[in-house]
Amino acid sequence: MPGRAVKAERQRRPPVSYRAAEASTASVLQAVEAHEPAPEDFTSILGGMPKTQADAPEFFVDLNLDQIVDAVTTGRAEYDLKPFFHVSLHDADAVRFRHEVFQDLEDTRVFEHIVDFANRMRQMRKQLETAEKLRYRYQKERLFLDAASTYCEAVSILLDNLSDAKLHSRGFRAFRNFLEGHIGSNDFIALKDKIAKLYDSLSAVHYCMHIKGGRISVRKAAAEIDYSAEVERSFEKFRRGAVESHLCDIPDYLEMNHIEAAVVDMVAKLYPETFDALDAFFQKHPDFADSRIIGFDREVQFYLSWIEYMRRFATAELPFCYPDVSPSDKAIHSIESFDLALAAKLLTEKAPIVCNDFLLKGPERIFVVTGPNQGGKTTFARMFGQLHFLASLGCPVPGKEARLFLFDRLFTHFEKEEDVANLRGKLEDDLIRIHQVLEQATPGSVVIMNEIFTSTTLHDALFLGRKVMERIMALDLIAVCVTFVDELASLSDKTVSLTSMVDPDNPARRTFKVIRRPADGRSHAMAIARLHGLAYADLKERLKP
Amino acid sequence: MKPLLMYRDRDFDAEAALPWNAEMLVQDLGLIAVFEAMAGKDDLLRDVAKRATLCPLSEPEAILYRQAVLKDCLENPAVVRDLYDLAVKVLGGEKKIGGFFLRYPGSILSRSVQVLEFFVGALRRLRVVADTRSENFASEGFRTFFRVLREELSDDYFAEIQGHLNELKLRDGVLLSAELGHGNKSTNLVLRKPKETERSWWRRLFAERPPTFSYTLHPRDEAGARALSELQDRGINLVANALAQSNDHILSFFRQLRAELAFYVACLNLRERLTEMHEPICFPVPEPLGSRRHSFSELYDIGLALNMDRKAVGNDADADGKCLVVITGANQGGKSTFLRSIGLAQLMLQAGMFVPAVAFQASIFSQVVTHFKREEDVTMRSGKLDEELLRMSEIADRLEPGAIVLFNESFAATNEREGSEIAIQIVDALVEQGYTVFFVTHLYEFAHGLFDRKMPQALFLRAERGADGTRTFRLKEGEPLQTSFGKDLYDRIFKDPYIQGTLQTSLNGGSHERGTAPDRHNSAP
């Protein structure tokens, strides 16, 4: 039996060596090498029994994660992947489990094998759908047979392909073992055998039809002469180069008309054994596909969709990395990260994309971001949130290198512009919402606040901001706070002041860089005014009588 | 089956792309008149004549092959014209058979049967010609053509086709073989016929060989009737296509035959015109590329003769071993005419035609290229010299080794010194690279500078002038002279014998304006 031979051969392989760059995951993988997961260990390629959640988390819209997930899952509606993208992991090992699978899929051959498998499974589903719709029995049964055959092929070819692949992830190794067991099972072997025999006997069906007037007769074929060929032979001597085809394009629908159905019914009478066997197959194997294979087909798309999404950014040489994650260590950093949703948009516009770094060390917990409008402050806040959320899915994140906090909950509060008409109501709403956040937040949470209290006076904003910051600091939360109140940037040793930058040579040009720097209260608007000759001295000169 | 009357081994391509300089050649060499004479009133003849003339052959053998076929044609003009007319009628007749636009296999098949019956008639007539007339033909081309007709269109073959014609009327219904395809639908439908062909074979088959099942349409089942005829259409699709394509092939055979015969009929037309004018023709002797043979006697400009509808003056020359021929001399003295006759004869030689001369022998050239002075600047964008230089540069881009380049008064759109300098540099380059150059010029410095070099491979011809100043339009070998004979022209046009008689001596060799043709002075008082 081929399955077992493959397994025996695989056990003789030398231990796999790992690249130095992946030192962080290597130790985990070595532990994995120690014992092969048994076939029954396999539940899901996403790890454990993956949770799903139909509705997107509240912060999705604020962080533009809805755009990202929409883009990632485009073209994969049939897999209903979004529920997987709505659920964060809270265990560092569960994240690493997914990193391992991603790393196996970095091998383009493995990736292509999975794509190939997915295509076959998609074809199988189409065949089943078609079988469902068809009216005439022998058509329905034939499509059903096709689907079963496609399934067997898909599974067998996948195992064949994976048996040669160097798989390191717990997920794929468990799946491969499961696959071997499945394919080696008596049920599967019997299924495959039946399918092969049915195709053999169907392809041995040859018949002749005679049409004259309104009557069609059918009998088994004898050794009749191919008359088209004979006519062609007779005129061979005149053949001179290519001529136009006179073949008519007769539309051919899969669905039979009643004449074609009558022909097949007559053919079935000529070949009763073949058609009885087809009938029996249809009756006996309503659920030929294994539920875990079907589950794998869906769940592995989580990885494929993310990988294909990341590839878009490869052309712009934007890096992705496997972040180190910890639910306890609050020293975090990232290098050359970027807002994915914005980057996707800029890519289509062929506009340059600016990367940013961040770092929290020692007692530092809170980034307070100030600086000129439209200078990349909100983008920074979104990026920070996206990175943490994507890391919690077990996905590679934008950046060269990252160490991120595995939160228990993520909260965002972004100002909604449409409410400006009712200022007092808005401030009240803001405070209620922030209060709720701080009530629910634990020391394991991450909070991102963007432009809060803009709807009140500076004095109020300073007071309220200070109060909120105190609560955040008391909870030891990791937070990002985008604000126009410079004073918030230097409240304690927990705050880190970041400012968005302009080009020193041309103050009108924003660099979209957000860097560690004390808030200096200098407004970008002045620089632009100067450019327009409206700065004090210029304007005075211009206004001179 | 191919006619192979133009080439020993391939079809004549009546739609071949013309060379890049075709329009230039037509204009510079005056080919329109020749094409008109060849065409008569038949546009196809004009088109074929043009293509054959402008796409020259490059092997002496290929030329001799065509010459031989043409000689047969000159001997048997009536037979050749009859064959051409037959091909023309077949192509016209096929178009008249209707139903061309129907797009169902059934209708395609029945039209194809009709068309084929029509073709069979024409093929039988071809056979008759081959049977009765082939003895009068001596060329390899025609002998092979007639032999192939006799062999391929045997009586047995006609019987075989007749069998198909009867069978494909489908009087006994349609027998199709099939297999189960996608969704168990009947697929690979192939039209069949039983091994033993006899009347009502199907009835016997289906009656005597069980098991057979039948389905009969309800008389009011219209959808079923459509489905059944569609199934039948599916089955005869291939054979309808095969037959229609075979017809296309036969049609294309006749189209090819028509195109190849068109060339010879066009040559017959031309020969008849020239005979009426008592102009001589001869079959030229082609020499291999690069052999530097170029000698002829009584070579005349066929275009000029056709335009004037009378005999044109011929020239003799022996330019064997020469690769540079410089022609100088009197204005309106026949220089351009001579240059054109060189180009025309070369094209006709390399088309496998007869040439307008009493004798003609020449090497083959890879290309015939002309660079003639243009009367006007067509583009209006660049000056006249610019235009000429640009054209020369284009020519240089396209020139292939072994070409002959004919210059007519080129590079004269500037002063003589500069023009001469340009011309001499261009000619030197061409000659040193192995090209053959004919150059009509009145640039004295250029022409005489070349003459002084005493190059063995250069020949200098001069437009001849009688002692009384009249032109003979004949060229003779001779040293380039300082002046052209514009004065003579002036004199003749102004018809003042007194001035002519008294001033001739002083003006001869004097400072008479160089070469600018005073032929427009006839409008002066």
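- Labelled according to an unreviewed UniProt entry, chain B appears under the name MutS domain V, originating from Chelatococcus sambhunathii.

- Chain A goes by MutS domain V in an unreviewed UniProt entry, where it is assigned to Chelatococcus sambhunathii.

1. Observations concerning the overall build of chain B
Here is step 1 of the chain: A tally of regular secondary structure across chain B gives 17 helices and 13 strands.
Here is step 2 of the chain: The long-range share in chain B, meaning contacts at least 24 apart out of those at least 6 apart in sequence, stands at 76%.
Here is step 3 of the chain: When the accessible surface of chain B is summed, it comes to about 23900 Å², and 50% of that surface belongs to carbon and sulfur atoms.

2. A few points about unusual backbone geometry
Of all residues except glycine, most have a negative phi; of all peptide bonds, most are trans.
All names here are of chain B.
Here is step 1 of the chain: Look at Arg292: it is not a glycine, yet its phi comes out positive at around 55°.
Here is step 2 of the chain: Position of Arg292 relative to the elements: it lies in the loop between β4 (285–287) and β5 (294–299).
Here is step 3 of the chain: Classification of Arg292 as partly exposed rests on a relative accessible area of 34%.
Here is step 4 of the chain: In this structure, Glu409 is a non-glycine residue whose phi angle is positive, near 55°.
Here is step 5 of the chain: Structurally, Glu409 is set in the loop between β10 (404–408) and α14 (416–432).
Here is step 6 of the chain: Look at Glu409 and you get buried, because its relative accessible area is 10%.

3. Brief notes about helix α13 (residues 291–314) of chain A
Residue and element names in this part refer to chain A.
Here is step 1 of the chain: Taking 1.5 Å of rise per residue, the 24 residues of α13 would be expected to cover 34 Å, and the 35 Å separating its terminal C-alpha atoms lies within 8% of that figure.
Here is step 2 of the chain: Considering bend angle alone, the principal kink of α13 is centred on Phe302 and spans about 30°.
Here is step 3 of the chain: For α13, the capping residue at the N-terminal end is Asp290, with a side-chain oxygen 2.7 Å from the backbone nitrogen of Arg292.

4. A closer look at the UniProt feature "coiled-coil region" (unreviewed entry) in chain A
Here is step 1 of the chain: Mapped onto this numbering, the UniProt entry gives "coiled-coil region" (unreviewed entry) at residues 114–141 of chain A.
Here is step 2 of the chain: As annotated, residues 114–141 of chain A comprises 89% helix and 0% strand, and the C-alpha atoms at either end are separated by 28 Å.

5. Examining the interface of chain A and chain B
Here is step 1 of the chain: Taken together, the contact pairs 63 residues of chain A with 78 residues of chain B.
Here is step 2 of the chain: Carbon and sulfur atoms supply 60% of the area buried between chain A and chain B, which totals about 6700 Å² over both sides.
Here is step 3 of the chain: In terms of surface lost to chain B, no three residues of chain A exceed Tyr227(A), Phe238(A) and Arg240(A), which account for 13% of the buried area on that side.
Here is step 4 of the chain: Where chain A packs against chain B, one counts 5 salt bridges.
Here is step 5 of the chain: Across the chain A-chain B interface, the total number found is 36 residue pairs in polar contact (both at pLDDT 80 or more).
Here is step 6 of the chain: When residues of the side of chain A that touches chain B are traced back to their parent elements, those giving at least two are α7 (137–164), β1 (206–212), β2 (215–220), β3 (225–226), α10 (227–234), α11 (258–270) and α12 (272–284) of chain A.
Here is step 7 of the chain: Looking at which element gives the most residues to the side of chain A that touches chain B, the answer is α11(A), with 9 residues.
Here is step 8 of the chain: Class assignment for the residues of the side of chain A that touches chain B results in 33 nonpolar, 13 polar and 17 charged.

6. Here we look at the packing of helix α5 (residues 92–106) of chain A against helix α6 (residues 108–133) of chain A
All names here are of chain A.
Here is step 1 of the chain: Running from N to C, α5 and α6 point in directions that differ by 95°, and their axes come no closer than 5 Å. With respect to α6, the element α5 is oriented roughly perpendicular. Of α6, the residues touching α5 (which contributes Asp104, Leu105 and Glu106) are Thr108, Val110, Phe111 and Ile114.
Here is step 2 of the chain: For the contact of α5 with α6, the residue count by class is 4 nonpolar, 1 polar and 2 charged.

7. Observations concerning the nonpolar core
Here is step 1 of the chain: In this structure, Trp306(A), Phe142(B) and Leu270(B) are the most contacted members of the largest nonpolar core, which totals 268 residues.
Here is step 2 of the chain: Sorting elements by how many residues they give to this core places helix α10 (residues 222–276) of chain B first, with 25 residues.
Here is step 3 of the chain: Those residues in contact with Phe142(B), other than ones at most four positions away along the chain, are Leu5(B), Val69(B), Asp72(B), Cys73(B), Val80(B), Leu83(B), Phe137(B) and Leu261(B).
Here is step 4 of the chain: Of all hydrophobic cores here, the second largest spans 27 residues; its members include Val326(B), Ile426(B), Leu430(B) and Val437(B).

8. Description of the sheet that holds β5(B)
Residue and element names in this part refer to chain B.
Here is step 1 of the chain: Taken in spatial order, the 4 strands of this open sheet run β4-β8-β5-β6, and their pairing is mixed. The open sheet has two free edges, formed respectively by β4 and β6 (315–318), since each of these has just one partner strand. Going from strand to strand, the sheet's axes swing by 20° on average, the running direction of each strand aside.
Here is step 2 of the chain: Here β4 pairs with strand β8 (residues 359–363) via 3 bridges, running parallel. Paired with Pro286 across the bridge in β8 is Ala362.

9. Observations regarding the pattern of salt bridges
Here is step 1 of the chain: This structure, assessed with the given rule, holds 49 salt bridges over all chains.
Here is step 2 of the chain: The closest approach of N and O atoms between Lys237(A) and Glu152(B), which form a salt bridge, is 3.0 Å. Taken together, the residues Lys237(A) in the loop between α10 and α11 and Glu152(B) in helix α7 (residues 140–152) connect one chain to another.
Here is step 3 of the chain: Of the residues examined, Glu152(B) reaches a relative accessible area of 28% and is grouped as partly exposed.
Here is step 4 of the chain: In this structure, Arg293(B) engages Asp320(B) in a salt bridge whose closest nitrogen and oxygen atoms are separated by 3.2 Å. Here the residue Arg293(B) occupies a position in the loop between β4 and β5, and Asp320(B) occupies one in the loop between β6 and β7 (324–329), the gap between them amounting to 27 residues.
Here is step 5 of the chain: According to the relative accessible area criterion, Asp320(B) is partly exposed, its value standing at 28%.
Here is step 6 of the chain: Overlapping salt bridges bring together Asp252(A), Glu260(A), Lys185(B), Glu230(B) and Arg234(B) as one network.

10. Description of the side chain of Asp233(B)
Here is step 1 of the chain: The topology assignment puts Asp233(B) in helix α10.
Here is step 2 of the chain: Although buried, Asp233(B) forms no salt bridge, and the nearest oppositely charged side chain, Arg234(B), lies 8.9 Å from it.
Here is step 3 of the chain: At a separation of 3.2 Å, a polar atom in the side chain of Asp233(B) contacts the main-chain amide nitrogen of Gly106(B).
Here is step 4 of the chain: The residues touching Asp233(B), leaving out its near neighbours within four places in the chain, are Ile250(A), Tyr104(B), Pro105(B) and Gly106(B).

11. Quick word on helix α3 (residues 65–73) of chain A
Residues and elements named next belong to chain A.
Here is step 1 of the chain: Listed as buried for α3 are Leu65, Ile68, Val69, Ala71, Val72 and Thr73.
Here is step 2 of the chain: Structurally, α3 contributes buried residues whose contacts are with α4 (82–85), α13, α14 (340–348) and α15 (377–393).
Here is step 3 of the chain: At the exit of α3 stands Gly75, carrying a positive phi of roughly 80°.

12. Focus on the sheet that holds β3(A)
Here is step 1 of the chain: On the basis of which strands lie adjacent, the open sheet formed by 6 strands has the order β3(A)-β2(B)-β1(B)-β1(A)-β2(A)-β3(B) and antiparallel pairing. Each of the sheet's edge strands pairs with one partner strand only, and the pair in question is β3 of chain A together with β3 (212–216) of chain B.
Here is step 2 of the chain: Bridge count between β2(A) and β3(B): 5 bridges; the pairing is antiparallel. Among the inter-strand pairings, Arg215(A) is bridged to a residue of β3(B), identified as Thr216(B).
Here is step 3 of the chain: Against the sheet, α10(B) engages β1 and β2 of chain A together with β1 (174–180) and β2 (186–193) of chain B, with an angle of about 65° to β2(B).

13. Looking at the packing of aromatic side chains
Here is step 1 of the chain: With the rule as written, the count across this model stands at 45 aromatic pairs over all chains.
Here is step 2 of the chain: Judged by centre distance (5.4 Å) and plane angle (90°), the ring pair of Phe302(A) and Tyr303(A) falls under edge-to-face.
Here is step 3 of the chain: Assessed through its relative accessible area of 0%, Phe302(A) is described here as buried.
Here is step 4 of the chain: On the accessibility criterion, Tyr303(A) (0% relative accessible area) is buried.
Here is step 5 of the chain: Measuring from centroid to centroid gives 5.8 Å for Phe313(A) and Phe320(A), while their planes differ by 50°, and the two rings are tilted.
Here is step 6 of the chain: Taking the relative accessible area as the measure of exposure, Phe313(A) reaches 0% and is therefore buried.
Here is step 7 of the chain: Through a chain of ring-to-ring contacts, three or more aromatic side chains come together here, namely Phe85(A), Phe102(A), Phe302(A), Tyr303(A), Trp306(A), Tyr309(A), Phe313(A), Phe320(A) and Phe338(A).
Here is step 8 of the chain: The cationic tip of Lys71(B) hangs over the ring face of Phe283(B); the distance from NZ or CZ to the ring centre is 5.0 Å.
Here is step 9 of the chain: For the cation-ring pair, Arg124(B) lies above Phe158(B), with the distance from its terminal atom to the ring centre recorded as 4.5 Å.

14. Description of the confidence of the model for chain B
Residues and elements named next belong to chain B.
Here is step 1 of the chain: Averaged over chain B, the pLDDT score is 84; the fraction of residues at 70 or greater is 83%.
Here is step 2 of the chain: Low pLDDT (under 50) marks residues 484–490, which in the prediction has 24 contacts with non-local residues, meaning those over four places away or in another chain.
Here is step 3 of the chain: In the model, residues 492–525 has pLDDT below 50 throughout and makes 33 contacts with residues more than four positions away in sequence or in other chains.

15. Here's the deal with the confidence of the model for chain A
Residue and element names in this part refer to chain A.
Here is step 1 of the chain: When the pLDDT values of chain A are averaged, the result is 84; 83% of them are 70 or greater.
Here is step 2 of the chain: Note that pLDDT drops below 50 for residues 1–34; the model gives that stretch 34 contacts with residues more than four away or on any other chain.
Here is step 3 of the chain: Note that pLDDT drops below 50 for residues 417–424; the model gives that stretch 3 contacts with residues more than four away or on any other chain.

Rules used throughout
Residues numbered from 1 in each chain as written. Chains lettered and ligands numbered in written order. Predicted model: local features only at pLDDT ≥ 70, side-chain atom pairs only at ≥ 80, totals over all residues. Heavy atoms only, no water. Helix = DSSP H or I, 4+ residues; strand = E, 2+ residues; numbered from the N terminus. Contact = heavy atoms within 4.5 Å. Areas by Shrake-Rupley, 256 points an atom, 1.4 Å probe, with all protein chains shown as cover. Buried < 20%, exposed > 50% of the residue type's maximum accessible area, 1.4 Å probe, protein only. Expected span 1.5 Å × (residues − 1). Bend = angle between axes of the 7 residues up to and from the residue. Polar contact = N/O pair within 3.5 Å; in protein donor to acceptor, adjacent residues only side chain to side chain. UniProt positions renumbered as here; feature names shortened; annotations may be inferred. Buried area = accessible area lost by both parts, 1.4 Å probe. Salt bridge = Lys/Arg side-chain N within 4 Å of Asp/Glu carboxyl O. Nonpolar A, V, L, I, M, F, W, Y, C, P; charged D, E, K, R; others polar. Axes fitted to C-alpha atoms, helices over the stretch in contact; angles between N-to-C directions. Parallel < 35°, antiparallel > 145°, perpendicular 65-115°, else oblique. Core = buried A, V, L, I, M, F, W, Y, C linked by side-chain atoms within 4.5 Å. Pairing = 2+ DSSP bridges. Lys, Arg positive; Asp, Glu negative; His and termini not counted. Phe/Tyr/Trp six-rings, centres within 6.5 Å; stacked < 30°, edge-to-face > 60°. Lys NZ or Arg CZ within 6 Å of the ring centre and 35° of its normal. pLDDT = per-residue confidence, 0-100.

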